[in-house]
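Observations on chain architecture
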Amino acid sequence: MMKKLLLFVLDGLGDRPSPLLNGETPLQAAFRPNLNALVSSGLGGLMYPVRKGLVCGSDTSHLSLLGYDPETVYTGRGPFEAMGLGIISEPGDIAFRANFATRSKEGVIVDRRAGRDIPESGSLAKKISFTMNGTQFIVREGVEHRAALVVRGKGLSPNISDSDPHEQGKAPLKIKALSDDVGHTAEILNEYLDRIREILDTSPENRDRERRGKPPANELLLRGAGITPRLEPFNKRYGLDGACLAGIPLITGIGNLAGLHLLKHPGATGRVDTDYRGKVRAAVRALEAHDFVLVNIKAPDIAGHDGDPLLKRDVIEKIDDAIGQVIELSNDAVICVTGDHCTPCTTKEHSGDPVPVLFSTEGMRRNGVRHFDEVNCGSSGFDLLSGEVMTMMLQLSDRLKKYGA
Ligand code: ZN
Ligand code: ZN
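Treat the numbers as computed from the prediction; the structure is a model and nothing was measured.

1. Some points on the overall build of the protein chain
On a plain count of helices and strands, the protein chain comes out with 15 helices and 14 strands. Along the three orthogonal principal directions, the C-alpha set of the protein chain runs to about 70 × 55 × 35 Å. When each of the 405 residues of the protein chain is scored for burial, the buried share is 55%. Sequence-distant contacts, at least 24 apart, represent 73% of the contacts inside the protein chain between residues at least 6 apart. Carbon together with sulfur atoms contributes 49% to the accessible area of the protein chain, which is approximately 17200 Å² in total. Across the protein chain, the centroid of the 50 positively charged side chains sits 2 Å from that of the 53 negatively charged ones.

Right under this line is the structure:
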């Protein structure tokens, strides 16, 4: 029987030396017997997300890890922002990043963020989500004033301008077609914006905000249109039946685009309080029914953005504990553990540093790395690009076809 493939993406895993950890990275400082056992029985190295010199988001990096070239299929943040907010966008959907803003009686934008604090944004988003003349508009609220709009219909084009004037004191812009053939999309959106201005101006939520002296959220500013890409289905590309288990909707959305089965684990929260053991157990179980399972664990990235190396070390220890469950799979599966990018606690943002990676399965060659961390994996001299991870796993599972006779 051919081996199964199990890919763990520990989000934002890689880091830099931390003064709070005596100059070690959170991964170095963590008690990680299981990750060390896995790397000792296989290969340890460094992985560059997408390519050297890029600072990647989770979206571009996960696309690349699955073998899709983001520099071809990634056409704008809009669709991925929308997925991040939980709209499962479909190929061909047009999506925007959006802001709730305040428009004065004279029609100019007086606050691009409508005071930032908009607890009503969820109910407003529902009111301006509807179908008009066969085109579906889906708005989902994000944190503070942020939101996303997905437009679903026939023959839509992303080659259109923003309605966001990008500064205060100006009226929202009419959306324009940026090439001859797309007048239709701009027209539909301008009609939609006129319609929702009426809805937002007269909504009880905004009346109430005005009564309380708060700026009404009566305008939705749109920017960064992008089209949701059509990806070659994962099973067609690799001949593998694949599944995806992620606690955050952005990764679930990407799994959906790739045609992966979307697995649910009720304890997977996408936060640092996630059910680590239960999630890994669910992935192991899913491997019985599928050839490939992608597991994303978001917690290290959250700790990195918080600038909390102790928390990051602690969540890595919980992950290590949970990953102990897969060690006995190494006869039947190729296991890869890596991150999608580094999120150093010292900068609280993603960085372009390469990420530790390990491959482990029974009977494979070893390269002598005994400790899974940035320094030991780095000193092995083995490195690869994220786009090569699938190839590496296929090779180790003896699924690659012969080149030549
Ligand atoms: Zn990430
Ligand atoms: Zn991040």
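Still more to cover.
2. A few points about the sheet that holds strand β9 (residues 242-246)
What the eight strands build is an open sheet, ordered β10-β9-β11-β1-β12-β13-β2-β14; its pairing is mixed. Both outer strands of the open sheet, β10 (261-263) and β14 (383-385), are each paired with one neighbouring strand and no more. Adjacent strand axes in the sheet meet at a mean angle of 25° when their direction is disregarded. Sheet topology places strand β2 (residues 42-48) next to β14; three bridges connect them, and they run parallel.

3. Description of the pattern of salt bridges
A complete count under the given rule lists 28 salt bridges for this structure. As a salt-bridge pair, R103 and D201 come within 3.4 Å of each other at their nearest N and O atoms. A residue pair is termed long-range when its members are at least 10 positions apart, and R103 in strand β3 (residues 94-103) and D201 in helix α7 (residues 183-201) qualify at 98 residues. For D201, a relative accessible area of 34% translates into the label partly exposed.

4. Thoughts on the coordination of the zinc ion (ligand 2)
At this site the zinc ion (ligand 2) is bound by D301 (OD), D301 (OD), H305 (NE2) and H350 (NE2), with donor distances of 2.0 to 2.5 Å. Coordination geometry of the zinc ion (ligand 2): the four donor atoms subtend angles of 55 to 146° at the metal centre, consistent with an arrangement described as irregular. Taken in chain order, the donor set of the zinc ion (ligand 2) reads D-x3-H-x44-H. Distance-wise, the zinc ion (ligand 1) is placed 4.6 Å from the zinc ion (ligand 2). Residue D301 is found in helix α12 (residues 299-305), and its partner H350 is found in the loop between β12 (333-338) and β13 (355-360); the two are separated by 49 residues along the sequence.

5. Observations regarding the coordination of the zinc ion (ligand 1)
Around the zinc ion (ligand 1), the donor atoms from the protein are D11 (OD), S58 (OG), D340 (OD) and H341 (NE2), and they sit 1.9 to 2.1 Å away. With four donor atoms in place around the zinc ion (ligand 1) and angles of 101 to 124° between them, the coordination shape is tetrahedral. Residue class for D11 comes out buried when judged on its relative accessible area of 0%. Exposure remark for H341: the relative accessible area of 0% places this residue in the buried category.

6. Details of the packing of helix α3 (residues 58-65) against helix α10 (residues 249-257)
Where α3 meets α10, the closest approach of the two axes is 10 Å, and the angle between their N-to-C directions is 35°. Regarding α3 and α10, the two cross each other, and that crossing is right-handed. Judged by residue contacts, S58, D59, H62 and L63 of α3 engage L250, I251 and I254 from α10. Split into classes, the residues belonging to the contact of α3 with α10 amount to four nonpolar, two polar and one charged.

7. Some thoughts on the nonpolar core
Counting 39 residues, the largest nonpolar core has L66, F234, F292, F359 and V389 as the members making the most contacts within it. Among the elements that make up this core, the one with the highest residue count is helix α15 (residues 389-396) (six residues). Excluding its chain neighbours within four sequence positions, the residues that come into contact with V389 are L7, M47, L65, C336, F359 and L384. With 38 residues, the next largest nonpolar core counts V295, I323, I335 and C377 among its residues.

8. Details of α15
Among the eight residues of α15, six are classified as buried, and the element is accordingly described as predominantly covered. Turning to α15, its buried residues are V389, M390, M392, M393, L394 and L396. Immediately downstream of α15, the backbone of D398 shows phi near 60°, a positive value.

9. Considering helix α8 (residues 204-211)
Within α8, the full set of buried residues consists of E205, N206 and R209. End-on view of α8: buried residues confined to an arc of 90°, all on one side of the axis. Exposed positions of α8 whose direction lies more than 90 degrees from the buried face are P204 and R211. Against the buried residues of α8 lie α6 (121-127) and α7. G213 lies just past α8 and shows a positive phi near 75°.

10. Let's talk about the pairing of strand β1 (residues 4-10)
Consecutive side chains along a regular strand alternate between the two faces of the sheet. Along β1, seven of the seven residues are buried, which leaves the element largely enclosed by surrounding structure. Every second residue of β1 is oriented toward a common face, with K4, L6, F8 and L10 on one face and L5, L7 and V9 on the other, all of them buried. Pairing of β1 with strand β11 (residues 292-297), which is carried by six bridges, proceeds in the parallel orientation. Across the sheet, residue L5 finds its bridge partner in β11, namely F292.

Quick notes on the rules
- Residues numbered from 1 in each chain as written.
- Chains lettered and ligands numbered in written order.
- Predicted model: local features only at pLDDT ≥ 70, side-chain atom pairs only at ≥ 80, totals over all residues.
- Heavy atoms only, no water.
- Helix = DSSP H or I, 4+ residues; strand = E, 2+ residues; numbered from the N terminus.
- Buried < 20%, exposed > 50% of the residue type's maximum accessible area, 1.4 Å probe, protein only.
- Contact = heavy atoms within 4.5 Å.
- Areas by Shrake-Rupley, 256 points an atom, 1.4 Å probe, with all protein chains shown as cover.
- Lys, Arg positive; Asp, Glu negative; His and termini not counted.
- Charge placed at Lys NZ, Arg CZ, Asp CG, Glu CD.
- Pairing = 2+ DSSP bridges.
- Axes fitted to C-alpha atoms, helices over the stretch in contact; angles between N-to-C directions.
- Salt bridge = Lys/Arg side-chain N within 4 Å of Asp/Glu carboxyl O.
- Donors = N, O, S within 2.8 Å, 3.2 Å for Na, K, Ca; no water.
- Tetrahedral: all angles 85-135°; square planar, octahedral: opposite > 155°, others 65-115°.
- Left-handed = near helix turned anticlockwise from the far one by under 90°.
- Nonpolar A, V, L, I, M, F, W, Y, C, P; charged D, E, K, R; others polar.
- Core = buried A, V, L, I, M, F, W, Y, C linked by side-chain atoms within 4.5 Å.
- Arc of directions from axis to C-beta.

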